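Each chain, written out:
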Amino acid sequence: MATAAPDETAAMRRALELAARGLGHTSPNPVVGCVVLDSEGRTAGEGWHQRAGGPHAEVHALRAAGERARGGTAVVTLEPCNHTGRTGPCAQALIDAGIARVVYAVADPDPTATGGAVTLAEAGVDVEGGLLADQAAAGNEAWLTAVLRHRPFVLWKYAATLDGRIAAADGSSRWISSPQSRADVHRLRAAADAVIVGSGTARADDPQLGARIAGLSDDEISQPLRVVVDSGARTVKAGARVLDGTAPTLVAVAEDADAAHLDGLAPLLRLPRAAGGRGLDIPALLRALYEREVRSVLLEGGPTLAGAFFAAHAVDKVVGYLAPVLLGAGPAALGDAGITTISQALRLDVTDTERLGPDLRITATPIRPALPEEN
């Protein structure tokens, strides 16, 4: 974006920082940050979308700026909306405040937003889009993916030894990763709308799946929906840690499963079985979660469930925690994903590496052609 002034670029970087504060709190809405500059290019107000149903980022920033907004510039990470939902249209709020220029990073692909940039331009506001678009899109990757693919964004997390084992030959696995890596997983949980495990993980580990972050109270953490994929309804039973009161729980079972013992323990989600009768239909699971306003999923299941998600082409990001440990035997991190030859291997683009204590965290995204709705 050649026309952006240096103060606008600096303001957009600040808006991106502000937007990130909303992670885990705004779903099913996006995270958005806004900085209002006065007519001299000085910061007059800041804001971010803090929770779904609450004021949008632009409204917070305009309130902070007051009369200094008149004749100024609004720098916002997402194209201002132009529809009335639980809150009013941000495009009109900017017009009413006397904003002379709007600079945004990413165009809003949600058809319900109905073109805020067009409305602003028709009102005589100078509008520019695309400033730091890649960074803004990365910050809103879950929401953008959900809008474009009509299913939740899926992040697969796993912890393994350097030789790819997630447990020893006798099944023991606590703890392969370091305390620093395990703390990072809780950060991922807090940012996700839902955490999914399979019956194998539920049976072996009896996980609680809540998010705990040092220095934050329970009120400051958004707990994800806990989803157990238990197709035969044989694993989740009274007393399971996933049924405690920390967060809501959903048990996904097959349509023909006898789940009478779960009555009163947890809500059930009945789904068709996958082709071949093994496990549940993954696209149907994701559609059902999307209908429940789940926009991001942290997949913590074991190798079988992870393989099923990859076979369904339903993984958008991978975060692997590799510990400097060797086992030589034991289950691998990923099970059958429908790959039978090296030419079918799913290639990944490594986007980040970081040391967490003794471990190495690797973040990568699958390399695949754009889906039709993304063209």
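Bear in mind the structure is a predicted one, so any value in this text is a computation, not a measurement.

**Regarding the environment of R13**
Right, on to step 1. For R13, the position within the fold is in helix α1 (residues 6-20).
Right, on to step 2. With relative accessibility at 46%, the residue R13 sits in the partly exposed group.
Right, on to step 3. Considering only alpha carbons, one finds R13 and E255, 242 residues apart in sequence, at a separation of 48 Å.
Right, on to step 4. Setting aside its immediate chain neighbours within four residues, R13 contacts L132 and Q135.

**Here we look at the packing of helix α9 (residues 282-291) against helix α10 (residues 303-311)**
Right, on to step 1. Two elements in contact, α9 and α10, have axes separated by 9 Å at closest approach and are oriented at 85°. Overall, the two elements α9 and α10 adopt an arrangement that is roughly perpendicular. Contact residues: I282, L285 and L286 in α9; L305, A308 and F309 in α10.
Right, on to step 2. Of the residues contributing to the contact of α9 with α10, the split by class is 6 nonpolar, no polar and no charged.

**Considering the UniProt feature "binding site: NADP(+)" (unreviewed entry) in the protein chain**
Right, on to step 1. Mapped onto this numbering, the UniProt entry annotates "binding site: NADP(+)" (unreviewed entry) at A159, W175, T201, D205, S231, G302, P303, T304, L305, A306, G307 and A308. Separation in sequence by 150 residues is matched in space for these annotated residues, since their most distant C-alpha atoms are 27.7 Å apart.
Right, on to step 2. Inspection of the secondary structure assignment puts G302 in the loop between β11 (296-299) and α10.

Reading guide: rules and limits
- Residues numbered from 1 in each chain as written.
- Predicted model: local features only at pLDDT ≥ 70, side-chain atom pairs only at ≥ 80, totals over all residues.
- Heavy atoms only, no water.
- Helix = DSSP H or I, 4+ residues; strand = E, 2+ residues; numbered from the N terminus.
- Buried < 20%, exposed > 50% of the residue type's maximum accessible area, 1.4 Å probe, protein only.
- Contact = heavy atoms within 4.5 Å.
- Axes fitted to C-alpha atoms, helices over the stretch in contact; angles between N-to-C directions.
- Parallel < 35°, antiparallel > 145°, perpendicular 65-115°, else oblique.
- Nonpolar A, V, L, I, M, F, W, Y, C, P; charged D, E, K, R; others polar.
- UniProt positions renumbered as here; feature names shortened; annotations may be inferred.

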